Amino acid sequence: MIIVCLVPPGAEADTPWKDTHPMRRPSVLSVRRRLTTRATVHLAAFATVVAATVAVSPTQAQIDQGRPRVDLETATVAQLQQAMSTRKITSEQLTSDYFARIRALNTSGPGLNAVRALNDRALEEARQADRERGRGTVRGPLHGIPVLVKDNIDVRRLPTTAGALALADSYPSDDAFLVKRLRAAGAVILGKTNLTEFANFTTNGMPSGYSGLGGQVLNPYDVSQTPSGSSSGSGSAAAAGLGAVTVGTETSGSILSPSVANSLVGVKPTVGLVSRTGIVPIAASQDTAGPMTRSVYDAAALLTAMTGVDPEDPATETSGGVAGTDYTAALKKDALQGVRVGVASSPSGNQGAAFTRALDVLRAQGATLVQVTVNTGGMPPGILDYEFKRDLNAYLARLPRNAPMKSLDDVVRYNLAHADEGAIKFGQTQLVASNAIDLDDPAAKADYEADRDNGIATARSRIDAVLGAEDLDAILFSGNGSAGIGARAQYPSVAVPIGYDPANGRPFGMTFLGAAYTEAALLSFAYAYEQASLEWRPPSVVNPSLFRCAPPAKPQRTCAP
């Protein structure tokens, strides 16, 4: 029997963490030459450094003997904090162990290809966290915790590529605002994850998890199936325990969909709760970043650290009323008592059976379920083509003067010039379409603004009408069914695992959707369900053949050479 503990032994599941802190432009290189540049060799070059480090790590020695101090595949943030507070492991050792696990599973072993680059300063960041802990300063639940972020989020001294060959040498001058927030919370930036190129806005028909620079991400629960996207690497990495927690981004489904596909908790926040400054955009009207984790508590702790009003992102001004919220404080096992939830899905087959079991759990925990219909079709035309060129050009304009790309037009031209090197294996129809739009044209601008405003208003009115008519606290969808309409409304959703297909082990999930800035409530509902159902299982249990011959497992006679 597998027992997954979601809270540290001896602690109450609904006890929040107590905060104790005071407060020369390079030329455009060919792909072959790029492979020798710093932008594309972080994993290879850093492997030598990490190998030398972990070779003397007691924790790594234990892993080699099959007796790891911490099970990285299942460990929660609370468990890792307890391990560090009791001196069972240090942040430096933990970071080294994650590097070792990445080496074993990312390019070796199953070759998940979820992690794109490593932060060569992560060990020093971890040592600093250990020094602070030694002096009695622990900033919060993320103190010393290794975090992976999607490779469209700026981290100083690492390239921000969005998976595009054109951006392989594109280095930001500073961290993204949310990365600064993570550092302020004591987190260790472990590295960056692969993604669907340009967050799945390069072309129609590109496989989820594929990029010209990063290649194809695999789903650890079933490598024959999509990892979904565009936050594919964040999903695969979180599921396989390549980082304690990961950060993804979403414009429409890019956190929720890979969270469901990789059996994760995913939080798509209200637009404005998390700053977008320093993130390669698609569309400011819908873009956001959010947590992708193996437990609800971890998602709440990560979201708490990520939020904040950013003067450079006007959308965050609307979040002033919830600024500083500790989302872990709302996590109670009885949070579903007296709650009214609208059920907007009725799937069939094995997915339907899993969803029905989840509904039974909700009822048993005191929720009243009401069958509802949310009209998700017939929306006004989308606005991503309109906003992508404008917003990408604005992001590129913030980069240092020596940045290789200055505009979307530069990217399109680069891709055409380097097509034979794999820059656009599946084409670039969406890049070209957006590049052709001129928002300085009055007619185009009027069409765009009408579609934007009507889209937001229509989506909100449909959701609000259902919530209001039945006095609902949230609307529940099977899978990531809330993604499209929630994205247009700029409303939050929280995805949570609900089981696995008995026919093949593929994950099932469900998603809570609410009105603006109801993240605390949605997380509490997801937490109460999670604690009552205990459905989550790690990939090595659901898909053992993929991990049987990979460290820390002992080599077997049946393993391939």
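The structure we're discussing is the one just above.
Residues numbered from 1 in each chain as written. Predicted model: local features only at pLDDT ≥ 70, side-chain atom pairs only at ≥ 80, totals over all residues. Heavy atoms only, no water.

A.B. asks: Could you clarify how one ought to interpret the overall build of the chain in this entry?
C.D. replies: Of regular secondary structure, the chain possesses 18 helices and 13 strands. Expressed as a percentage of the 561 residues in the chain, the buried residues total 60%. Of the roughly 20,900 Å² that the chain leaves accessible, carbon and sulfur atoms contribute 51%. (Helix = DSSP H or I, 4+ residues; strand = E, 2+ residues; numbered from the N terminus. Buried < 20%, exposed > 50% of the residue type's maximum accessible area, 1.4 Å probe, protein only. Areas by Shrake-Rupley, 256 points an atom, 1.4 Å probe, with all protein chains shown as cover.)

A.B. asks: I'm lost on unusual backbone geometry in this one. Help?
C.D. replies: Excluding glycine, a negative phi dihedral is what most residues carry, and trans is how most peptide bonds are arranged. Here the bond from Gly229 into Ser230 is cis, since omega is 15 degrees, no more than 30 degrees from zero. Its location among the elements puts Ser230 in the loop between β5 (215–216) and α8 (232–239). One non-glycine residue, Arg87, lies in positive phi territory at about 65 degrees. Secondary-structure assignment places Arg87 in the loop between α4 (77–85) and α5 (91–107). The exposure class of Arg87 is exposed, given its relative accessible area of 76%.

A.B. asks: Please clarify how the state of the cysteines should be interpreted in this entry.
C.D. replies: Under the counting rule described, the total for this entry stands at one disulfide. One disulfide in the model links Cys549 with Cys559; its S-S distance is 1.9 Å. Handedness of the Cys549-Cys559 disulfide follows from its S-S torsion of about -90 degrees: it is left-handed. Here Cys559 lies in the segment after α18 (539–542) and Cys549 lies in the segment after α18, a separation of ten residues in the sequence. A relative accessible area of 41% means that Cys549 is categorised as partly exposed. (Disulfide = S-S within 2.5 Å.)

A.B. asks: Would you mind showing me how to read the pairing of strand β10 (residues 368–371) here?
C.D. replies: Every regular strand shows the same layout, with side chains that alternate between the two sheet faces. Taken together, the four bridges between strand β9 (residues 340–343) and β10 define a ladder with parallel strand orientation. Bridged to Arg340 within β10 is Thr368. For the crossover that starts at β9, traverses helix α11 (residues 349–364) and ends in the parallel β10, the hand is right-handed. (Pairing = 2+ DSSP bridges. Right-handed = clockwise from strand over helix to strand, strands pointing away.)

A.B. asks: Sorry, what's going on with the side chain of Ser228 here?
C.D. replies: Residue position: Ser228 is located in the loop between β5 and α8. If near-sequence neighbours (up to four positions away) are discounted, Ser228 is found in contact with Ser208, Gly209, Ser257, Pro258 and Ala261. (Contact = heavy atoms within 4.5 Å.)

A.B. asks: Mind showing me how you'd approach the pattern of salt bridges here?
C.D. replies: Side-chain pairs of opposite charge can arise whenever the charged atoms involved come near each other. Evaluation of the coordinates by the stated rule reveals 20 salt bridges. A salt bridge links Arg127 to Glu124; the nearest nitrogen and oxygen atoms lie 3.2 Å apart. Of the two residues, Arg127 and Glu124 both sit in helix α6 (residues 122–134), three residues apart, roughly one turn of that helix. With relative accessibility at 28%, the residue Arg127 sits in the partly exposed group. You can call Glu124 partly exposed: its relative accessible area is 37%. Arg413 is paired through a salt bridge with Asp409; the nearest N and O atoms lie 2.7 Å apart. One end of the pair, Arg413, and the other, Asp409, are both in helix α13 (residues 408–417), four residues apart, so they sit about a helical turn from each other. Relative accessible area serves as the criterion here: at 55%, Arg413 is assigned to the exposed category. Classification of Asp409 by relative accessible area gives partly exposed; the value is 27%. (Salt bridge = Lys/Arg side-chain N within 4 Å of Asp/Glu carboxyl O.)

A.B. asks: What am I meant to see in α8 here?
C.D. replies: Count 3.6 residues to each turn of an α-helix, and residues three or four apart come out pointing the same way. Counting buried positions over the eight residues of α8 gives eight, a clear majority of the element. Among the residues of α8, those classed as buried are Ser232, Gly233, Ser234, Gly235, Ser236, Ala237, Ala238 and Ala239. Each element contacted by the buried residues of α8 is listed here: β2 (146–150), β3 (188–193), β6 (245–250), β8 (288–293) and α18. Trailing α8 by a residue or two, Gly241 shows a phi angle of about 70 degrees, which is positive.

A.B. asks: What is the right way to look at a negative patch on the surface in this model?
C.D. replies: Judged by side-chain charge, Asp438, Asp440, Asp441 and Asp447 come together as a negatively charged surface patch. A relative accessible area of 70% places Asp440 in the exposed class. (Patch = residues over 30% accessible without salt bridge, like charges linked within 9 Å, V, L, I, M, F, W, Y side chains within 5 Å. Lys, Arg positive; Asp, Glu negative; His and termini not counted. Charge placed at Lys NZ, Arg CZ, Asp CG, Glu CD.)

A.B. asks: Which parts of the structure should I look at to understand the nonpolar core?
C.D. replies: In a soluble, globular protein the nonpolar side chains are often hidden away together inside. Leu178, Leu182, Val247, Leu362, Met510, Phe512 and Leu523 are the most contacted members of the largest nonpolar core, which has 94 residues in total. At nine residues, helix α10 (residues 296–306) tops the list of elements feeding residues into this core. When neighbours within four sequence positions are excluded, Leu362 is seen to be in contact with Leu336, Ala367, Leu369, Leu476, Met510, Phe512 and Tyr529. With 31 residues, the next largest nonpolar core counts Ala168, Phe198, Leu392 and Ile437 among its residues. (Core = buried A, V, L, I, M, F, W, Y, C linked by side-chain atoms within 4.5 Å.)

A.B. asks: How should I be thinking about the packing of helix α7 (residues 177–184) against α10 in this particular structure?
C.D. replies: For any two helices packed against each other, one specifies the crossing angle of their axes together with the interaxial distance. Contact geometry of α7 with α10 gives a least axis separation of 8 Å together with a crossing angle of 115 degrees. Between α7 and α10, the angle is such that the two are roughly perpendicular. In this structure, α7 uses Leu178, Arg181 and Leu182 to contact α10, whose residues at the interface are Leu302, Ala305 and Met306. Of the residues that constitute the contact of α7 with α10, the class distribution is five nonpolar, no polar and one charged. (Axes fitted to C-alpha atoms, helices over the stretch in contact; angles between N-to-C directions. Parallel < 35°, antiparallel > 145°, perpendicular 65-115°, else oblique. Nonpolar A, V, L, I, M, F, W, Y, C, P; charged D, E, K, R; others polar.)

A.B. asks: Would you explain the sheet that holds β6 in this entry?
C.D. replies: Pairing between sheet strands relies on hydrogen bonds along the backbone, with the strands arranged either parallel or antiparallel. The mixed open sheet is built from eleven strands, whose spatial order is β1-β3-β2-β6-β8-β7-β12-β13-β11-β9-β10. What marks the edges here is a single partner per strand, and that holds for β1 (115–118) and β10. Each adjacent strand pair in this sheet contributes to an overall mean axis angle of 30 degrees, direction not counted. Here three bridges tie β1 to β3, and the two strands are oriented antiparallel to one another. Across the sheet, the residue bridging to Leu118 is Gly191, located in β3. Where α7 meets the sheet, it contacts β2, β3, β6 and β8, and its direction lies at approximately 145 degrees from that of β3. Each of β2, β3, β6 and β8 touches α8; the most contacted strand, β6, lies at about 155 degrees to it.

A.B. asks: Please explain the environment of Asn350 as it appears in this structure.
C.D. replies: Tracing the sequence through the fold places Asn350 in helix α11. Separated by 158 residues in sequence, Asn350 and Phe508 place their C-alpha atoms 9.2 Å apart. In contact with Asn350, other than residues within four places in its own chain, are Asp501, Pro502, Ala503 and Phe508. A polar atom in the side chain of Asn350 sits 2.7 Å from the side chain of Asp501. (Polar contact = N/O pair within 3.5 Å; in protein donor to acceptor, adjacent residues only side chain to side chain.)

A.B. asks: So what exactly am I meant to see when it comes to the environment of Thr293 here?
C.D. replies: Within the element layout of this structure, Thr293 appears in strand β8. Taking relative accessible area as the criterion, Thr293 reaches 0% and is therefore assigned buried. Placed 31 residues apart in sequence, Thr293 and Asn262 show a C-alpha to C-alpha distance of 9.9 Å. Only 3.3 Å separates the side chain of Thr293 from the backbone nitrogen of Ala299, close enough to count as a polar contact.

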